[in-house]
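# Structure assessment
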Amino acid sequence: MAKSKSVYFCQNCGAESAKWIGKCPSCGEWNTYIEQIITKSSKQTQLSYASEKQVPQKMSEIQSRKEGRISTRIIELDRILGGGLVSGSMILIGGEPGIGKSTLALQVALKLDHLKILYISGEESPQQIKMRAERINLKNDNCYILSETLLENIFTHSLNLEPDLLIIDSIQTLYSDKLESSAGTVSQIRETAASLLKFAKEKNVPVFLIGHITKDGTLAGPKVLEHIVDTVLQFEGDHNHMYRILRTTKNRFGSTSELGIFEMGSKGLREVSNPSEILITQSDENLSGTTIAATINGVRPLLIEIQALVSSAAYGTPQRSSTGFDNRRLGMLLAVLEKRAGFRLAQKDVFLNIAGGIKVDDPATDLSVIASVLSSNLDLPIEKNICFAGEVGLTGEIRPVTRVEQRISEADKLGFKKIYISKYNSKGLDTSKFKIEIVKVSKVEELFRSLFKKN
Ligand code: TYD
Ligand code: MG
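Along each chain, numbering runs from 1 in the same order as the chain's sequence is written. Chains and ligands are labelled by the order in which they are written, letters from A for the one and numbers from 1 for the other. The predicted origin of the model limits local features to residues at a pLDDT of at least 70 and limits the giving and counting of side-chain atom pairs to 80 or more, whereas totals for whole chains, interfaces and linings rest on all residues. As a rule here, side-chain values cover all heavy atoms of the structure and leave hydrogens and water aside.

In short, DSSP must find at least two bridges between two strands for them to pair. Secondary structure elements follow DSSP: runs of H or I of four or more residues count as helices, runs of E of two or more count as strands, with numbering from the N terminus. Pairing is mixed in the open sheet, where 9 strands are placed in the order β8-β7-β9-β10-β6-β11-β12-β13-β14. What marks the edges here is a single partner per strand, and that holds for β8 (143-147) and β14 (268-271). Going from strand to strand, the sheet's axes swing by 25° on average, the running direction of each strand aside. As defined by bridge partners, strand β11 (residues 231-236) adjoins strand β12 (residues 243-251) across 6 bridges and the pair is classed as antiparallel. Lines fitted to the C-alpha atoms define the axes, with helices restricted to the stretch that makes contact. Angles between their N-to-C directions range from 0 to 180 degrees.

Set out below in structure tokens:
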């Protein structure tokens, strides 16, 4: 007879405990332990998807396979994945409800009309999916839709149909009848994801998993889920903005700092192939506090607008707040301006905003942040055809940044007249091929003088 016992799992990290505890010793979160009844049966030890037996092999005996990449026919998505879908890989797309995960997955399914796709939804009925497909106005006769949440049935259908791509919407709705706990619990997610991975690797079929995220923005379910899959994509964006940003946080087959920008419209998601143009306000007016930073995201240069507002502190303690930029880094840059260049900012409120809802962590943004703060503080605008790429050190020195040539070339291409870079970045730099004027600065004071002293 099946024996059952109760076990407690941390819903944050998946740690297991025999009794309830308030604070998870593994991840430090409070109140995350939930009781689950585990029924032990003789089948228990096997995953739902039983695989063929493997024996140890010599490295030289393993047949190497050319890494087959399947294009998703969405250029932005291909680039984020590192050049297309790798066969047999498992990709997790996480994001808030309503951000567009199902839309993106369906768009991929319908665009790949030369492949057989199995789209499994545990959230929507086939009719609802059909309505969505009509809305995005794509047709694919090779796309099969299945509303199913039981893992064992999913495998039966997948083995019968032999699809070239499997899409699961979402991993939290799946359950295996080997476990008694309900769908979405740590043990179910772990079991279903591990079985799907086995299936993907053995049948060499890429699997797209859609995952929910929790209130604080992390992927719901155990951390092990992120370890299991090959690639983790985060779909981000503000509901009030049209733009949606897809970024890689883990990728076994490519870079993790890639970023793709999409626009949600009435016909689904449209890729934005020239993001620099949309991220910069198209106004002719020169406004104080606004500058352009030449950043790099993954392999792609991106020019983004940095806005700063410096005003006298309304309350005793000045506020420092930033969106899209690290608050502590902003604090550090303000301290450098105060200490090394003598600007009195201690009694000022400073707000910083990266336009378009983008988050940056490229240190080359520092120079633009400093220029924006100075510009707003003095209420003197900086011309719109100037951009910046440089890191600022604690002594107020402007430090070199990586791939400066690529940044300059992008700024040049977009018609900027002047770019400020670090003096130490000029080694081996061939400036003759650019039309753009390159200004080299070595200290914050020098930047200040160059920008404002002639006015
Ligand atoms: P959806 O893909 O259902 O989000 P998720 O699966 O991440 O929960 O996206 C739904 C949102 O997208 C919804 O608010 C409506 C909007 N949308 C459009 O604006 N245009 C469209 O063509 C589609 C299909 C959806
Ligand atoms: Mg959905």
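Structure's up, so let's keep going.
Note that the domain bounds were set by an automatic or database domain assignment. One can read the domain layout of the protein as domain 1 (3-40), domain 2 (70-273) and domain 3 (278-452). Between domain 1 and domain 2, the C-alpha centre-to-centre distance is 28 Å. Any pair of residues with heavy atoms lying within 4.5 Å of one another is described as a contacting pair. With 10 residues of domain 1 at the contact, the number on the domain 2 side is 10 residues. Summed over both partners, the accessible surface that disappears when two parts come together, traced with a 1.4 Å probe, is what is meant by buried area. Interface area, domain 1 with domain 2, both sides summed: about 810 Å², of which 47% is carbon and sulfur. By definition here, a salt bridge exists when the distance from a side-chain nitrogen of Lys or Arg to a carboxyl oxygen of Asp or Glu is within 4 Å. Taken together, domain 1 and domain 2 are joined by 0 salt bridges.

Turning next to a positive patch on the surface. Taken together, Lys339, Arg340, Lys423 and Lys443 make up a surface patch of like positive charges. Along the chain, the position of Arg340 falls in helix α8 (residues 327-341). Using a 1.4 Å probe on the protein chains alone, a residue whose accessible area is under 20% of its type maximum counts as buried, one over 50% counts as exposed, and one in between counts as partly exposed. Owing to a relative accessible area of 40%, Arg340 belongs among the partly exposed residues under this scheme. Patches in this entry comprise residues that are over 30% relatively accessible and not in a salt bridge; like charges within 9 Å are linked, as are nonpolar side chains (Val, Leu, Ile, Met, Phe, Trp, Tyr) within 5 Å. Computed by Shrake-Rupley with a 1.4 Å probe, the accessible areas treat only the displayed protein chains as cover when residues are assessed. Counting rule applied: Lys, Arg positive; Asp, Glu negative; His and chain ends not counted. Every charge is mapped onto a representative atom, which is NZ of Lys, CZ of Arg, CG of Asp or CD of Glu.

With that settled, the discussion passes to the sheet that holds strand β23 (residues 437-441). Taking strand neighbours across the sheet as the criterion, the 7 strands line up as β17-β18-β16-β15-β19-β22-β23 in an open arrangement whose pairing is mixed. Looking at which strands have only one partner, the edges of the open sheet turn out to be β17 (320-323) and β23. Strand-to-strand, the axes of this sheet are offset by a mean angle of 25°, without reference to chain direction. Examined bridge by bridge, strand β16 (residues 300-312) and strand β18 (residues 348-354) share 7 bridges and lie antiparallel to one another.

What follows deals with the pairing of β14. As paired elements, strand β13 (residues 259-265) and β14 share 4 bridges and run antiparallel to each other. Across the sheet, the residue bridging to Glu263 is Arg270, located in β14. Here β13 folds back onto β14, and the loop between the two strands holds 2 residues.

Counting residues in each nonpolar core, the largest one holds 44 residues, and the members touching the most others are Val373, Phe388 and Tyr420. When residues in this core are grouped by element, the largest group, 6 residues, is from helix α9 (residues 366-378). In terms of domain composition, this core takes at least three residues from each of domain 2 (70-273) and domain 3 (278-452). With residues near it in sequence (within four places) discarded, Val373 still touches Ala308, Val310, Leu334, Leu337, Leu345 and Val350. Each nonpolar core is a collection of buried residues, namely Ala, Val, Leu, Ile, Met, Phe, Trp, Tyr and Cys, held together in the definition by side-chain atoms within 4.5 Å. Val108, Ala109, Leu165 and Phe208 belong to the second-largest nonpolar core, a separate cluster that totals 32 residues.

What follows deals with the packing of helix α4 (residues 151-161) against helix α5 (residues 186-203). Here α4 crosses α5 at 10°, and the two axes come no closer than 11 Å. As summarised for this structure, α4 and α5 are arranged roughly parallel, according to the angle between their axes. The handedness of the crossing between α4 and α5 comes out as right-handed. Residues Leu151, Phe155, Ser158 and Leu159 of α4 form the contact with α5, whose participating residues are Thr192, Ser195, Leu196, Phe199 and Lys203. Classifying every residue of the contact of α4 with α5 by side-chain character gives 5 nonpolar, 3 polar and 1 charged. Any angle between 65 and 115 degrees counts as roughly perpendicular, while under 35 counts as roughly parallel, over 145 as roughly antiparallel, and the rest as oblique. Each crossing gets its handedness from the near helix: less than a right angle anticlockwise from the far helix is left-handed, clockwise is right-handed. In this classification, the charged set is Asp, Glu, Lys and Arg, the nonpolar set is Ala, Val, Leu, Ile, Met, Phe, Trp, Tyr, Cys and Pro, and all remaining amino acids, among them Gly, are polar.

What follows is about the state of the cysteines. Any pair of cysteine sulfurs within 2.5 Å is marked as a disulfide. Using the criterion set out here, one finds 0 disulfides in the structure. Cys24 takes part in no disulfide bond, and the closest cysteine sulfur, belonging to Cys27, lies 3.7 Å away.

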